[in-house]
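What follows is the residue order along each chain.
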Amino acid sequence: MLLKFKKLIIAGLGAICLLSGTVQANTPSPQMIEQFKKLPKAEQERVAKQYGLDPSMLASPSGTGNQQDDFNNSQLINPREVEDEKAKEMREQQILVEEVAQFLKDQKDRDTKKLQPYGYDLFAGEPTTFSPVSDIPVPSEYLVGPGDNIKVQLYGKENKEYDLVISRDGSIQFPELGPISVSGLKFEDLRKTVSARIKQQMIGVESNITMGELRSIRVFVAGDAYKPGSYTVSSLSTMTQALFVAGGIAEIGSLRNIQLKRKGKLIGTLDLYDLLMRGDASNDMRLRSGDVVFIPSVGGLVSVDGEVRRPAIYELSKNETIGDVIHMAGGLTGGAYPKSSSIERYNQQGLRSIKNVDLTSDSERSVKAKAGDIVKVKTSSLQFEDAITVVGAVVRPGKYQWYQGQKISDLLPSVWGDLASSVDLDYAIIIREINKHGDIEVHQFSPSQAIVDKQLSSDLQLSPRDIVMFFNFSDDTQNRFELNTLVRERVEKVVQLVGDNSLSKDLFKAGFSQLENQKLRDRSQLGGVVVAQEQEEDDEALAIKGEVNRMMANLFEDPELIKLSGLMNRSELLYPIIMKLNHQSRSGTSVQVVAIKGQVYHEGMYPLPVNARISDIVSAAGGLKEGAYTSRAELTRTVTLADGSSITHKNIELLPALNGDPNADLVLKGRDILTVMTTPEWQENKSVEIRGEVRFPGVYNIRRGESLKDVIERAGGFTDYAYLPSSVFVRESVRLQEQLEIKKLADQLRRDIATRGVSKDGDVVNYSDVQMMLMDLENIEAVGRLVVDLSAISIGIEQADLQLEDSDVLYVPSTKQTIAVMGEVQYAATHRFKEGLTLDQYLNMSGGVRERADDGRTYVIKANGSVMLPSRSMWFSSEDRLQPGDTIIVPLDTEYKDNLTLWTQVTSIIYNTAVAFSSISNIK
């Protein structure tokens, strides 16, 4: 609905008439008289009066026209209710703030993530019911005790089975042998003792003795356990199993000095690092009833961070060294730089000190670690040593090995196999570092001459850390979906993109354009003439620009960007190079950048190659266009003098320069500007379109200076059904001017509202209506309708004719027989035209005017787009007579609303645009 309403109000300024000239008497030719007689009578009178024709030739039958059904009246569509912009903006800002805050919080959590103590997560969680494993073989050294179940199987002379339980006095009651004391025996000794008694007292009987259910024992877990206390466990349990029952070890408990005490004496200690790091459970001693597993407080701690496999906080034990600590952390990663590691520790004055250590040195790895040490293993550099970087329009962009004597043809031996199909075979560059400060110079070569012809001038020898850059011949043939996807993924970490930015918008180009124009913005208007559209940067645009800026700065080191560099255009690839050349320039030395403009395929700034000439910069710009003037070009040079600088201009014979004439092909200097001129009288293809009631409608190419009358004649003239007064002519330059005027009106209305809002003498302003009106104005998209007098042009009056411009559109409708009434009437409608009816009669046919109508300012928009202010009586003026296709507008009484001086203009625009839209809508 809003889009349709915008279209209804886009032509409010369409009544601009650019026709001018002094009206003088004309002597019509017979052909003119014949064409004149075909016009309606009212139109004949108007043309004769306006252009000074003899009234005696007006004796012609009244204008005829074929009957035509009434066209449907285009009603003004009321805009749907919209949300208050201020509240909407506040909500959007709040959402943006929350998203940015969450991103910063996540980033901070990642950056300040604390190291965790090692090993404590082994026992993570609350203690659960402990079910010891009972189906494993009982070891021979198991010490039996009261409550253990002994299974005895007899076979031979007698076959019997017994389940015997060791009693509290340490004996078992064997039915046929009596009590047998087994107290304090190991399971292996018990088997031997019982078997011997059976063999001695039961002749001919053999026995098999095994353990049945084991007894439970009660042990104590004390100290810094997660849940210290007394626990009942299986008699086969060990120290670690008791720790699991107690929920593990508290964060202040030691993992390296877990003690087992029995009857007040220390039986043994357990170092869990042996179990966790080496899988050694030899010190995991078996428990007895009444044992105490004691966990003392943690000992000295040392933190290990950086490029190790297991960054964490580790507990020291005994005299461990830095090498032992690194071993605890799993050793170094592949990206570590052990020669530049460091140890932070407190000195005797309680101040933090730092010491560099070389972890590749045995002596420094043997340094004793101290409690509180922080060992940091630094990261290796991401820079490549002696590598060649290939970017741009190649099949496999990336890093390549460099070796002595390597040339371009060695790096990329095949044009078809190594270069992209869209590559420019005449221009590529090498960016080379010239000192340890990172300053660069640029060398230019021709890929075809280097790879195919192997010419020495182009097949350059490479140096370490060179960047070889290739370009696409055309920047319009690349599918940038992957590049925009990468931009979107990175930008959405900061701000959520909306609307068409999802897939259709070229985000990289949008961000780069803002970045390129950051310091030198295009002006939106100059002397009232539209130059360029002004674009405001919202949060989303700023986020895109910032991300593209980061991407550009890291273009040659980001693997993802290098992979997608073939999708970038020349200006994008060259941007970081030009910025680097700008930054490295010093006082007294010119920036090594040149520019070329005019009739070349790729205008812009380019890095100045070593010993570059005029022909080189032309090749860099993609060559000359068809309309380039090769006899002369202009070279503008900045000359620095002792007391200032001056600008000089020199004419260059361009064709000899391109053919290699050293007298014309001059050596370029920094800040040079080459202007390639257009061939005199050269004209690009320009066309106009004729639609509607002409014999041959279509698109026609035009030459400079060709007029509307000429193209109409080429189109075969008008058909018998053409209604010339209702013709519509659209021009792009007029549309831009209308758009500027609309913007000025909206700004003026905003200022007027603000003035009235603070004025103590002003009336109360209805801000909801004003806001709606202001929003409508800001959303207007102008059409650019220009008033033309086809009736006068058709009979050969030169004053009515106009010169055509590129992309002009003329629509000639068929005969109309209707009058439209719009605005503040009871019922806006379209009525059949009847000769002789007055304006008031048509208003009465629409129910009359409303209470809030300003009927004193009623006006008529003529069928050709011009505006007429009629007299109140239509009986006495042939000039004010209504014609088919006219529209009567009854405007709103602005005093009915309030006294804003601009209300009259605004309401006029809205009503007038509805009329224009009813005509423009037929242009398809």
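About the criteria used
Residues numbered from 1 in each chain as written. Predicted model: local features only at pLDDT ≥ 70, side-chain atom pairs only at ≥ 80, totals over all residues. Heavy atoms only, no water. Helix = DSSP H or I, 4+ residues; strand = E, 2+ residues; numbered from the N terminus. Buried < 20%, exposed > 50% of the residue type's maximum accessible area, 1.4 Å probe, protein only. Contact = heavy atoms within 4.5 Å. Areas by Shrake-Rupley, 256 points an atom, 1.4 Å probe, with all protein chains shown as cover. Pairing = 2+ DSSP bridges. pLDDT = per-residue confidence, 0-100. Lys, Arg positive; Asp, Glu negative; His and termini not counted. Salt bridge = Lys/Arg side-chain N within 4 Å of Asp/Glu carboxyl O. 1 Å grid on protein atoms, 1.4 Å probe; cavity = no way out; pocket = protein on both sides within 12 Å on 5 of 7 lines; lining within 4 Å. Points joined across faces, edges and corners; volume = space filled by probe spheres on them. Nonpolar A, V, L, I, M, F, W, Y, C, P; charged D, E, K, R; others polar. Core = buried A, V, L, I, M, F, W, Y, C linked by side-chain atoms within 4.5 Å. Expected span 1.5 Å × (residues − 1). Arc of directions from axis to C-beta. Axes fitted to C-alpha atoms, helices over the stretch in contact; angles between N-to-C directions. Phe/Tyr/Trp six-rings, centres within 6.5 Å; stacked < 30°, edge-to-face > 60°. Lys NZ or Arg CZ within 6 Å of the ring centre and 35° of its normal.

Draft legend 1. Structural context of the overall build of the protein. Tallying secondary structure elements over the protein gives 26 helices and 37 strands in all. Going through the 924 residues of the protein one by one, you find that 44% of them count as buried. Restricting to contacts in the protein with at least 6 residues of sequence separation, those with at least 24 account for 66%. Carbon together with sulfur atoms contributes 49% to the accessible area of the protein, which is approximately 49,500 Å² in total.

Draft legend 2. Molecular detail of the pairing of strand 13 (residues 341–346). By the criterion of burial, strand 13 is predominantly enclosed, with five of the six residues buried. The turn linking strand 13 back onto strand 14 (residues 352–357) is made up of five residues, and Gly-350 within it adopts a positive phi angle of 80°. Pairing of strand 13 with strand 15 (residues 374–377) involves three bridges; the strand directions are antiparallel. Directly across from Ser-342, in strand 15, lies its bridge partner Lys-376.

Draft legend 3. Local environment of the confidence of the model for the protein. For the protein, mean pLDDT is 78; residues scoring 70 or higher make up 74% of the total. Note that pLDDT drops below 50 for residues 108–112; the model gives that stretch zero contacts with residues more than four away or on any other chain. This stretch, residues 518–536, has a pLDDT under 50; its non-local contacts, to residues over four places away or in other chains, come to 24 contacts.

Draft legend 4. Region of the structure containing the side chain of Asp-439. Of note, Asp-439 is situated in the loop between strand 18 (423–433) and strand 19 (440–445). In this structure, Asp-439 is buried with no salt-bridge partner, the nearest side chain bearing the opposite charge being Lys-580 at 4.5 Å.

Draft legend 5. Structural detail: empty space enclosed by the protein. Inspection of every chain in the model, using the stated rule, returns two cavities of 30 Å³ or more. Size it by volume and the second largest cavity reaches roughly 30 Å³. Looking at the second largest cavity, the residues that line it are Pro-117, Tyr-118, Tyr-120, Leu-255, Tyr-273, Val-298, Leu-301, Ile-313 and Glu-315. The class makeup of the residues in the lining of the second largest cavity is eight nonpolar, no polar and one charged.

Draft legend 6. Representation of the nonpolar core within the structure. Counting 53 residues, the largest nonpolar core has Met-469, Ile-596, Tyr-606, Ile-614, Ile-617 and Leu-674 as the members making the most contacts within it. Per element, the largest residue contribution to this core is six residues, and it comes from helix 17 (residues 570–584). Ile-617 has contacts with Val-594, Ile-596, Tyr-606, Leu-668 and Leu-674, leaving out every residue within four places of it along the chain.

Draft legend 7. Spotlight on helix 5 (residues 187–201). Given a rise of 1.5 Å per residue, 15 residues ought to cover 21 Å, and the 21 Å separating the end C-alpha atoms of helix 5 matches this to within 8%. Along helix 5, the positions that sit buried rather than exposed are Phe-187, Leu-190, Val-194 and Ile-198. The buried residues of helix 5 occupy an angular sector of 55° when projected down its axis, which confines them to one face. Looking at helix 5, the residues exposed on the side facing more than 90 degrees away from the buried face are Lys-192, Lys-199 and Gln-200. Those residues of helix 5 that are buried are in contact with strand 1 (149–156), strand 3 (171–174) and strand 5 (205–211).

Draft legend 8. Region of the structure containing the sheet that holds strand 34 (residues 829–832). The mixed open sheet is built from five strands, whose spatial order is 34-33-37-35-36. Two strands bound the open sheet, and with one partner strand each, they are strand 34 and strand 36 (867–868). Examined bridge by bridge, strand 35 (residues 859–861) and strand 36 share two bridges and lie antiparallel to one another. Pairing of Val-860 across the sheet is with Met-868, part of strand 36.

Draft legend 9. Representation of the environment of Gly-331. Note that Gly-331 resides in the loop between helix 8 (322–328) and strand 13. Given a relative accessible area of 17%, Gly-331 falls into the buried group. Here the alpha-carbon distance between Gly-331 and Pro-311, two residues 20 residues apart in the chain, equals 9.8 Å. Here Gly-331 is in contact with Val-308, Arg-309 and Ile-326, once residues within four sequence places are set aside.

Draft legend 10. Just the pairing of strand 24 (residues 604–607), in detail. Alignment of strand 23 (residues 593–598) against strand 24, held across four bridges, turns out to be antiparallel. From the neighbouring strand, Ala-595 faces strand 24, where its bridge partner is Met-605. The antiparallel pairing of strand 23 with strand 24 creates a hairpin that spans five residues between the two strands.

Draft legend 11. Representation of the pattern of salt bridges within the structure. Inspection of every chain in the model, using the stated rule, returns 25 salt bridges. As a salt-bridge pair, Arg-352 and Glu-344 come within 3.3 Å of each other at their nearest N and O atoms. We classify Arg-352 as partly exposed; its relative accessible area is 44%. A residue is classified by how much of its surface remains accessible, and Glu-344, at 14% relative accessible area, is buried. Across the pair Asp-373 and Arg-345 runs a salt bridge, and its minimum N-O distance is 2.5 Å. Taken together, the positions of Asp-373 in the loop between helix 9 (362–365) and strand 15 and Arg-345 in strand 13 put the pair 28 residues apart, joining distant regions of the chain. Both residues of the pair, Asp-373 and Arg-345, count as buried. A network of salt bridges, in which partner residues are shared, links Arg-256, Asp-271 and Glu-320.

Draft legend 12. Highlighting unusual backbone geometry. The phi dihedral of Lys-318 is positive, around 60°, even though this residue is not glycine. Here Lys-318 shows up in the loop between strand 12 (312–315) and helix 8. Among the residues examined, Lys-318 registers a relative accessible area of 79% and is labelled exposed. Residues other than glycine seldom take positive phi values, yet Ser-807 does so here, at roughly 75°. Its location among the elements puts Ser-807 in the loop between helix 23 (790–794) and strand 32 (809–812).

Draft legend 13. Expanded view of the sheet that holds strand 5. As summarised here, the arrangement of the three strands in space is 2-1-5, forming an open sheet in which the pairing is antiparallel. Where the open sheet ends on each side, the last strands, each with one partner, are strand 2 (160–165) and strand 5. If you compare each strand with its neighbour and ignore which way they point, the axes differ by 20° on average. Relative to strand 5, strand 1 runs antiparallel, the two sharing seven bridges. When the bridges of strand 5 are listed, Val-152 appears paired with Ile-209. Sheet contacts for helix 5: strand 1 and strand 5; angle to strand 5, the most-contacted strand, approximately 160°.

Draft legend 14. Spatial organisation of the packing of aromatic side chains. This structure, assessed with the given rule, holds eight aromatic pairs. Taking 5.2 Å as the distance between ring centres and 35° as the angle between the ring planes, the aromatic pair formed by Tyr-118 and Tyr-314 counts as tilted. Residue Tyr-118 is found in the loop between helix 4 (85–111) and strand 1, and its partner Tyr-314 is found in strand 12; the two are separated by 196 residues along the sequence. A relative accessible area of 13% means that Tyr-118 is categorised as buried. Judged by centre distance (5.2 Å) and plane angle (50°), the rings of Tyr-162 and Phe-174 are tilted. Of this pair, Tyr-162 sits in strand 2 while Phe-174 sits in strand 3; the two residues are 12 residues apart in sequence, bridging distant segments of the chain. Taken together, the ring pairs connect Tyr-118, Tyr-273 and Tyr-314 into an aromatic cluster. Over the ring of Phe-294 we find Lys-261; its NZ or CZ atom is 5.0 Å from the centre of that ring.

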